[in-house]
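Chain by chain, the residues run as shown.
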Amino acid sequence: MPISCGLCEKNAILKRPKTGDALCKDCFYHAFETEIHQTIIDAELFKRGETVAIGASGGKDSTVLAHVMKVLNERYDYGLNLFLLSVDEGISGYRDDSLETVKRNQQQYDLPLKIVSYEELYGWTMDKIVEKIGLKNNCTFCGVFRRQALDRGAVLVNADKIVTGHNADDIAETVLMNILRGDVARLRRCTAITTGNEGFLPRCKPFKYTYEKEIVMYAYFKKLDYFSTECIYSPNAYRGHARTFLKDLEKIRPSTIIDIIHSGESLSIKKDVKMPTQGTCNQCGYISSHTICKACVLLEGLNKGLPKLAIGKSHKARKKLGLGLLPVRRKEEQFQRPTENVVKQTADF
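Residues numbered from 1 in each chain as written. Predicted model: local features only at pLDDT ≥ 70, side-chain atom pairs only at ≥ 80, totals over all residues. Heavy atoms only, no water.

**A look at the nonpolar core**
Tyr118, Tyr122, Met126, Ile129, Phe141, Phe145 and Ala149 are the most contacted members of the largest nonpolar core, which has 40 residues in total. Secondary structure elements with two or more residues in this core: strand S4 (81-88), helix H4 (118-122), helix H5 (126-133), helix H6 (138-156) and helix H12 (294-303). The greatest single-element share of this core, amounting to eight residues, is contributed by H6. Leave out the neighbours within four places in its chain, and isoleucine 129 touches Trp124, Gly134, Phe141, Phe145 and Leu302. Listed in part, the 38 residues of the second largest apolar core include Leu23, Ile36, Val68 and Leu84. (Core = buried A, V, L, I, M, F, W, Y, C linked by side-chain atoms within 4.5 Å. Buried < 20%, exposed > 50% of the residue type's maximum accessible area, 1.4 Å probe, protein only. Helix = DSSP H or I, 4+ residues; strand = E, 2+ residues; numbered from the N terminus. Contact = heavy atoms within 4.5 Å.)

**Structural notes on the sheet that holds strand S7 (residues 194-195)**
Within the open sheet, the six strands sit side by side as S5-S4-S3-S6-S8-S7. Their pairing is mixed. Of all strands in the sheet, those bounded by a partner on one side alone are strand S5 (113-117) and S7. With five bridges joining them, strand S3 (residues 51-55) and S4 adopt parallel strand pairing. Paired with threonine 51 across the two strands is asparagine 81, which belongs to S4. Each of S4 and S5 is contacted by helix H3 (residues 95-109), which is oriented at about 165° to S4, the strand it contacts most. (Pairing = 2+ DSSP bridges. Axes fitted to C-alpha atoms, helices over the stretch in contact; angles between N-to-C directions.)

**A look at unusual backbone geometry**
Phi is positive for asparagine 158, close to 60°, though the residue is something other than glycine. Note on placement: asparagine 158 falls in the loop between H6 and strand S6 (161-163). Phi angles above zero are rare outside glycine, and lysine 223 is one such case at about 55°. Along the chain, lysine 223 falls in the loop between helix H9 (212-222) and helix H10 (238-252).

**Some points on the state of the cysteines**
As used in these notes, a disulfide is a covalent bond between sulfur atoms, one from each of two cysteines. Evaluation of the coordinates by the stated rule reveals zero disulfides. Cysteine 8 takes part in no disulfide bond, and the closest cysteine sulfur to it belongs to cysteine 24, at a distance of 3.7 Å. Residue classification places cysteine 8 among the partly exposed residues on the basis of a relative accessible area of 26%. Its sulfur unpaired, cysteine 139 is 6.6 Å from the next cysteine sulfur, which belongs to cysteine 231. (Disulfide = S-S within 2.5 Å.)

**Here's the deal with the pattern of salt bridges**
Within the structure shown, the criterion is met by 27 salt bridges. The partner of glutamate 33 in a salt bridge is arginine 75, with the nearest N and O atoms 2.8 Å apart. Taken together, the positions of glutamate 33 in helix H1 (residues 25-42) and arginine 75 in helix H2 (residues 60-75) put the pair 42 residues apart, joining distant regions of the chain. Lysine 247 is paired through a salt bridge with glutamate 212; the nearest N and O atoms lie 3.4 Å apart. Highlighted residues: lysine 247 in helix H10 and glutamate 212 in helix H9, separated in sequence by 35 residues. Overall, lysine 247 belongs to the partly exposed group, its relative accessible area being 22%. Members of the salt-bridge network, linked through shared partners, are Lys60, Asp61, Asp169, Glu212, Lys213, Lys247 and Glu250. (Salt bridge = Lys/Arg side-chain N within 4 Å of Asp/Glu carboxyl O.)

**Regarding the packing of aromatic side chains**
All told, the structure shown has 12 aromatic pairs when counted by the stated rule. For the pair tyrosine 122 and phenylalanine 145, a centre-to-centre distance of 4.5 Å together with 25° between the ring planes defines the contact as stacked. Taken together, the residues span a long stretch of sequence, with tyrosine 122 in helix H4 and phenylalanine 145 in helix H6 at a distance of 23 residues. In this structure phenylalanine 145 comes out as buried when scored by relative accessible area, which is 0%. An aromatic cluster is built from Phe28, Tyr29, Phe32, Phe207 and Tyr218, whose rings are joined through pairwise contacts. (Phe/Tyr/Trp six-rings, centres within 6.5 Å; stacked < 30°, edge-to-face > 60°.)

**Some details on the environment of glutamate 35**
Its location among the elements puts glutamate 35 in helix H1. When the C-alpha atoms of glutamate 35 and threonine 210 are compared, they prove to be 8.3 Å apart, with 175 residues separating the residues in sequence. Setting aside residues no more than four positions away along its own chain, glutamate 35 makes contact with Arg16 and Lys18.

See the structure below:
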């Protein structure tokens, strides 16, 4: 006998992983979109008239994010100027294909698109970096460079904020990773729905409480156009181990993902624990708790033929690479839009 939808009289076609409710397609769409809208409203993520860059990789998360942001912006009259922002890391057979998906999304959603590349910004592609560093620590380079590249691209188009497709699973994985690494500073801020309020471009995560499985279901039933191949350089990424552990826990207790996020939100740090002081990099002006940011250290290591040295302890790497040990700029000494300085100094690297 068919199971009825829990919200209407139609036949249910799915069971929500997040709540266990049996729903029809239309009710699932409504519940999914309404919950994201409520997250945006509760956290006051946007203000009318803001220009918002949607981090677009062509994958399921960013594709659904672009679709939902456009739908909600029109339905609830947020008054936002939306555009797609993509980063070309220079990974042959992966990113070039996914960018074709992003270009189709641009046409499908009628949103402007800006693409920035590692080669343009840093003079290196991930293919070239992997040739130098191998597959063991390549994700370190890509993660650091990608974060800065998004900010640089957003500055070029005068964005006020960046939204990313980080979902509940991603955040729970990050909590676990920071616990396992003993990274108290990142553990304190990794559950924040908005980061980068220290004078830089704020980054928002509208999918903070949205399960990855539901994003996949939404994309599937909506027949959205997205790229589903995993990065060819990420099989050994540390995050993969945290993801496997989280999935095993979820099988036993479906609420594990949200429980871990709430635990991260509730953590408090003792007053006598010394935390890093946020300032700006003396070389490029980007946010950093050190005199020279990690991106500059990594880039200097690549340019001097010592990429593996740059992965080590930051203070040792800076010393051996000949980078200055000047005092960290205080927040009040920061530029209003420091990343503009980053863009201008690209040619100096």
